[in-house]
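Listed here are the chains, written in short residue letters.
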Amino acid sequence: MKKEELSKQWYCEQVRGCEASLYRTAMCLLQNRQDAEDAIQEALYIAYEKLDSLKSPDKFKPWLLKILTNTAYDILRRRRPVLSLEDVELTARQEDTTLSLTLAHAVAQLPPDYRQVVTLYYYEDMTIRQIADIIGCAESVVKTRLFRARKRLRALLED
């Protein structure tokens, strides 16, 4: 087998191994299936193009998740906030009634930065260090975000 064929085969195997993580992370950040799929597709393209920049094959998943995170944030920056009249009416109706939030709904209510660290830590079983590498910040920032996210989740779930 040629080196290019081998790396293509290896890449495909690695991607198959983290499909669920990619989807969960993209949905966590973008909260829109179409945007999440677009982000994943773009991230996979970028990762394949830059595969030779991967220094350690055992770090493939965190490396790919970092590319996906950056891609998702690019999509969020390009997204224009649009608020429809239906959303306003729905929000007003929800405020009038008390809703029982499940954990998934509570996580969805968190700001994107908090949602991201909660998803990576609890759903993807990543360490604080790995999360810090993926989102490009200090470990102390990840710990702070996790602390604040837990506090908000507790408040949301107690209501």
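A brief look at the structure comes next. (Residues numbered from 1 in each chain as written. Predicted model: local features only at pLDDT ≥ 70, side-chain atom pairs only at ≥ 80, totals over all residues. Heavy atoms only, no water.)

### Re the environment of E42
Argument step 1. Following the sequence through the fold, E42 ends up in helix 3 (residues 33–49).
Argument step 2. Look past the residues within four positions of E42 in its chain and what remains in contact with it is T71 and R78. (Helix = DSSP H or I, 4+ residues; strand = E, 2+ residues; numbered from the N terminus. Contact = heavy atoms within 4.5 Å.)

### A few points about the packing of helix 8 (residues 128–135) against helix 9 (residues 139–158)
Argument step 1. For the pair helix 8 and helix 9, the least separation of the axes is 8 Å and the interaxial angle reads 105°. Judged by the angle between their axes, helix 8 and helix 9 are roughly perpendicular. Counting all contacts with helix 8, which are made through I128, R129, I131, A132 and I135, the residues of helix 9 involved are E139, V142, K143, R145 and L146.
Argument step 2. Looking at the contact of helix 8 with helix 9 residue by residue, the class counts come to six nonpolar, no polar and four charged. (Axes fitted to C-alpha atoms, helices over the stretch in contact; angles between N-to-C directions. Parallel < 35°, antiparallel > 145°, perpendicular 65-115°, else oblique. Nonpolar A, V, L, I, M, F, W, Y, C, P; charged D, E, K, R; others polar.)

### Considerations on the side chain of R115
Argument step 1. By the secondary structure assignment, R115 is in helix 7 (residues 112–123).
Argument step 2. Notably, R115 is buried but unbridged: the nearest opposite-charge side chain belongs to D113, and the N-O separation is 8.3 Å.
Argument step 3. At 2.6 Å, the side chain of R115 forms a polar contact with the backbone oxygen of L110.
Argument step 4. In this structure, R115 is in contact with C28, L29, Q31, V107, A108 and L110, ignoring residues within four places of it in sequence. (Buried < 20%, exposed > 50% of the residue type's maximum accessible area, 1.4 Å probe, protein only. Lys, Arg positive; Asp, Glu negative; His and termini not counted. Salt bridge = Lys/Arg side-chain N within 4 Å of Asp/Glu carboxyl O. Polar contact = N/O pair within 3.5 Å; in protein donor to acceptor, adjacent residues only side chain to side chain.)

### Here we look at the pattern of salt bridges
Argument step 1. Counting across every chain of the model gives seven salt bridges.
Argument step 2. A salt bridge links R129 to D133, with the shortest nitrogen-to-oxygen separation between them at 3.2 Å. Of the two residues, R129 and D133 are both situated in helix 8; the distance of four residues between them amounts to about one turn of the helix.
Argument step 3. Given a relative accessible area of 39%, D133 falls into the partly exposed group.
Argument step 4. In this structure, E139 engages R129 in a salt bridge whose closest nitrogen and oxygen atoms are separated by 3.5 Å. You can see E139 sitting in helix 9 and its partner R129 sitting in helix 8, a full 10 residues away along the chain.
Argument step 5. Relative accessible area serves as the criterion here: at 44%, R129 is assigned to the partly exposed category.

### Comments concerning the packing of aromatic side chains
Argument step 1. For the coordinates displayed, the defined rule picks out five aromatic pairs.
Argument step 2. Ring centres of Y11 and F60 lie 5.8 Å apart, and the angle between their planes is 85°; on these two criteria the pair is classed as edge-to-face. Of the two residues, Y11 is situated in helix 1 (residues 3–17) and F60 in helix 4 (residues 60–78); the sequence distance between them amounts to 49 residues. You'll find Y11 and F60 in the same group, each marked buried.
Argument step 3. One aromatic cluster in this structure is built from W10, Y11, Y48, F60 and W63. (Phe/Tyr/Trp six-rings, centres within 6.5 Å; stacked < 30°, edge-to-face > 60°.)

### Describing helix 4
Argument step 1. When the terminal C-alpha atoms of helix 4 are compared, their 27 Å separation across 19 residues agrees well with the 27 Å that a helix rising 1.5 Å per residue should span.
Argument step 2. Residues F60, P62, W63, L64, L65, I67, L68, T69, T71, A72, Y73 and I75 constitute the buried set of helix 4. (Expected span 1.5 Å × (residues − 1).)

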